[in-house]
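Observations on the three-dimensional arrangement
Take a look at the letters that make up each chain.
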Amino acid sequence: MIIKNILLEKEKEEIVSYWDKYTNKKKDHQAKGTLAARQVSFLSTYHNRIKLILEKETGFRLSEQFNAIRLYKKGDKLEKHIDNAAPFAITIVVKQSDLKHNPLVFYFDNPQTIILQEGDGYYFKGMEIPHERLEVQSDYLLHIYFGYNIHDKLI
Ligand SMILES: [Fe+2]
């Protein structure tokens, strides 16, 4: 499900600024050509705040499990896969160079193509639903991934 503007304007700017200064960016093995970082401490505040939103939205009790940030360039893509880092996930666009559409595909019984704009997130069960990012159309796209464990239902 999409949550529009899950990141505040100020948070987007902060994350971009942290990323720009971050010195431990790695060439990513999961999406060829991209730069990424995993389990980065500067994301923990946002990981936690968004957990609270997702708990309200889904009724699940969640705990932070894994985070990542990745910079895609035009033409980069993420092959179809299921996650192994966490059962529940949200993918959020922090920043993209323009308003072009950069599709994500989620393989439910009827595959769904999702377009997110800056600040929007899409949450899903990443270990159950295969998903992919098609070739990025924008010159660049900075994205974060927050993974959570699901515990018992709140209600
Ligand atoms: Fe994934």
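Quick caveat, the model's predicted, so the values are computed rather than measured. (Residues numbered from 1 in each chain as written. Predicted model: local features only at pLDDT ≥ 70, side-chain atom pairs only at ≥ 80, totals over all residues.)

Here we take up the environment of Tyr18. Topologically, Tyr18 is positioned in helix α1 (residues 9-21). Between the alpha carbons of Tyr18 and Leu78 there is a distance of 23 Å; along the sequence they are 60 residues apart. (Helix = DSSP H or I, 4+ residues; strand = E, 2+ residues; numbered from the N terminus.)

Turning our attention to the sheet that holds strand β7 (residues 104-106). Taken together, the 4 strands give an open sheet; going across it, the order is β5-β10-β7-β8, and neighbouring strands pair in antiparallel fashion. Each edge of the open sheet carries a strand with a single partner, namely β5 (78-81) and β8 (112-114). Direction aside, neighbouring strands of the sheet carry axes that sit 15 degrees apart on average. Sheet topology note: the β5/strand β10 (residues 131-133) ladder contains 2 bridges and is antiparallel. Opposite Leu78, over in β10, you have Arg133 as the bridge partner. (Pairing = 2+ DSSP bridges. Axes fitted to C-alpha atoms, helices over the stretch in contact; angles between N-to-C directions.)

It is worth spelling out unusual backbone geometry at this point. For Asn5, which is not glycine, the phi torsion reads 50 degrees and is therefore positive. If you trace the backbone, Asn5 turns up in the loop between β1 (2-3) and α1. One non-glycine residue, Gln39, lies in the positive phi region at around 50 degrees. You can see Gln39 is positioned in the loop between β3 (35-38) and α2 (44-58). Residue Gln39 is classed as exposed on the basis of its 11 C-beta neighbours within 10 Å. (Buried ≥ 20, exposed ≤ 12 C-beta atoms within 10 Å, placed from the backbone.)

Distances and angles like these do not, on their own, reveal function.
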